[in-house]
Amino acid sequence: MGDFIDELHLLRNTFYLGSWQQVIDEAPRGTEQKIERSALYYRALIASGSADRAIAEISETDAPELRAVKQFAIYTRAAAARNTGEKAQAVQNINDLVGEGTNGLSSTVQTIAGSISYAEEKYADALRSVLQSPRNLECVAIAIQCYLKLDRPELARREIEKLKTWADDATLAQLAEAWVNCAMGGEQNVQDSQYIFEELASSKLSTGRLVAGLAICKMQAGKFPEAERLLLEGLHRYAKDADLVANLIVCSNALGKSAEETASYLRMLRELAPQHPLLEDLALKESLFARSAQRFE
């Protein structure tokens, strides 16, 4: 039994680090705790752009955890297609699922409900979902992300300190600490985050997520040429990682690269992830600029 627990622990870490294909390859091999294993498998499929497959394979008679994952897949597909009606229906469906019987007590269901609320920018709702499981790593990680979005880094830091009392060495706890350090800024915080990303990449497995995190640290330290080198090397290895491309856009602008080079990265990002937060933010700013410009016509 102990060997199995270690195996599932490794699978979770692989998922947290963003190695989706490895999760997809390894999850079906196990036989124990099949519901959680299947949930990780389908979530990795969704993250790798195969939401349709998860939707097709998960039935309405499956466990609540898997039905929650299916709603997340529907929500993800709808968001990519800008289908507001389908998005709203997925939100309603996950709320209904949470309210059925004891479904809301499942940390997996809480995680999915919190993730959807987070994507909807309803951070208070997300917190209500995940704070029910204060000793579940994913629930705590989502709470930390919510606090950072709400510009409450002191609350995020408080969660990190609590995490250290029971999950100090956990991969997701280390990632969460790096997020908080980067958000708070300052030379020491950025340096600490850099050490975390470097250690995770060297001791476990390198992924686009870790490369992007390390590059962000370099940019925060003003080392843009080093960040660009990391991002270009990462993109060569992980050609479909949207966050690497997004950070290359930021880095290229900081380095004063040509408009053509930046535009090529923008086209690449629109192909890989049309709903990426950077593109959404850029579209909003363009809209606000156009609206302001009309006043002077």
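The following paragraphs examine the structure supplied in this document. Quick caveat: nothing in here was measured; it's all calculated off a predicted structure.

Considerations on the environment of A78
(1) Moving on: Mapped onto the elements, A78 comes out in helix α5 (residues 64-80).
(2) Moving on: When the C-alpha positions of A78 and G256 are compared, they lie 36 Å apart, and in sequence the two are 178 residues distant.

Focus: empty space enclosed by the protein
(1) Moving on: Counted under the stated rule, the structure contains one cavity of 30 Å³ or more.
(2) Moving on: Considering only enclosed or pocket space, the largest cavity measures out at about 30 Å³ in volume.
(3) Moving on: Every residue lining the largest cavity is listed: I160, L163, K164, A167, D168, A173, Q174 and E177.
(4) Moving on: Elements represented by at least two residues in the lining of the largest cavity include exactly α10 (153-163) and α11 (171-184).
(5) Moving on: At three residues, the largest contribution of residues to the lining of the largest cavity is made by α11.

Some remarks on the layout of surface pockets
(1) Moving on: When its volume is computed, the second largest pocket comes out at roughly 470 Å³.
(2) Moving on: Lining the second largest pocket we find 21 residues, and of these R12, Y16, E36, N136 and L137 sit closest to its centre.
(3) Moving on: Contributing elements (two or more residues each) for the lining of the second largest pocket: α1 (2-16), α3 (34-47), α7 (107-119) and α9 (137-149).
(4) Moving on: Looking at which element gives the most residues to the lining of the second largest pocket, the answer is α3, with five residues.
(5) Moving on: Considering only residue class, the lining of the second largest pocket consists of eight nonpolar, seven polar and six charged.

Some remarks on the packing of aromatic side chains
(1) Moving on: This structure, assessed with the given rule, holds four aromatic pairs.
(2) Moving on: An angle of 70° between the planes, with centres 5.0 Å apart, marks the rings of Y41 and Y42 as edge-to-face. Comparing Y41 with Y42, the two get one shared label, buried.
(3) Moving on: An aromatic cluster is built from F15, Y16 and W20, whose rings are joined through pairwise contacts.

Observations regarding the packing of helix α13 (residues 208-220) against helix α14 (residues 224-237)
(1) Moving on: It is the contact of α13 with α14, at a shortest axis distance of 8 Å, that shows an interaxial angle of 165°. Accordingly, the angle class assigned to the pair α13 and α14 is roughly antiparallel. α14 is crossed by α13, and the crossing has left-handed handedness. Judged by residue contacts, V211, A212, L214, A215, K218 and M219 of α13 engage F224, E226, A227, L230, L231 and G234 from α14.

Side note on the packing of helix α15 (residues 242-254) against helix α16 (residues 259-272)
(1) Moving on: The contact between α15 and α16 brings their axes to 9 Å, and the two run at 160°. Relative to α16, α15 is oriented roughly antiparallel. Note that α15 runs across α16; the crossing there is left-handed. Where α15 approaches α16, its residues A242, V245, A246, L248, I249, S252 and N253 are matched on the opposing element by E261, T262, Y265, L266, M268, L269 and L272.
(2) Moving on: Across the contact of α15 with α16, the residue classes break down as ten nonpolar, three polar and one charged.

Observations regarding the pattern of salt bridges
(1) Moving on: Applying the stated criterion to the full structure yields 16 salt bridges.
(2) Moving on: Between K285 and D281 there is a salt bridge, with the nearest N and O atoms lying 2.8 Å from each other. With a gap of four residues between them, K285 and D281 both fall in helix α17 (residues 277-294), about one helical turn apart.
(3) Moving on: Taking the relative accessible area as the measure of exposure, D281 reaches 34% and is therefore partly exposed.
(4) Moving on: Beyond isolated ion pairs, a larger network of salt bridges with shared partners links D52, R77 and E86.

What counts, and where the lines are drawn
- In this convention, every chain numbers its residues from 1, walking through the sequence in written order.
- Where local features are concerned, this predicted model is filtered to residues with pLDDT of at least 70; where side-chain atom pairs are given and counted, the filter is 80 or more; whole-chain, interface and lining totals use all residues.
- Derived side-chain values reflect all non-hydrogen atoms in the structure, with water molecules and hydrogen atoms excluded from consideration.
- By definition, any uninterrupted DSSP run of H or I lasting at least four residues is a helix, any uninterrupted run of E lasting at least two residues is a strand, and each is numbered from the N terminus.
- For each structure, a 1 Å grid was placed over the protein atoms alone; sets of points admitting a 1.4 Å probe that cannot get out are labelled cavities, open sets with protein on both sides within 12 Å along at least five of seven lines are labelled pockets, and lining residues have an atom within 4 Å of a point.
- Grid points are joined across faces, edges and corners, and a volume is the space filled by probe spheres set on the points.
- Note on residue classes: Ala, Val, Leu, Ile, Met, Phe, Trp, Tyr, Cys and Pro are nonpolar, Asp, Glu, Lys and Arg are charged, and everything else, Gly too, is polar.
- Side-chain rings of Phe, Tyr and Trp (the six-membered ring for Trp) are treated as a pair once their centres are within 6.5 Å; stacked means planes under 30 degrees apart, edge-to-face means over 60, and tilted covers the remaining angles.
- Each residue is assigned to one of three classes by its accessible area relative to the maximum for its type, calculated with a 1.4 Å probe on protein chains only: buried under 20%, partly exposed between the two thresholds, exposed over 50%.
- Every angle, taken between N-to-C directions, lies between 0 and 180 degrees, and every axis is a line fitted to C-alpha atoms, over only the stretch in contact when it is a helix.
- Oblique is the label for every angle not falling under 35 degrees (roughly parallel), over 145 degrees (roughly antiparallel), or within 65 to 115 degrees (roughly perpendicular).
- Crossing handedness is read from the near helix: turned anticlockwise from the far helix by less than a right angle, it gives a left-handed crossing, and turned clockwise, a right-handed one.
- The contact criterion used throughout is that any non-hydrogen atoms of two residues lie within 4.5 Å.
- For this analysis, a salt bridge means a side-chain nitrogen from Lys or Arg found within 4 Å of a carboxyl oxygen belonging to Asp or Glu.

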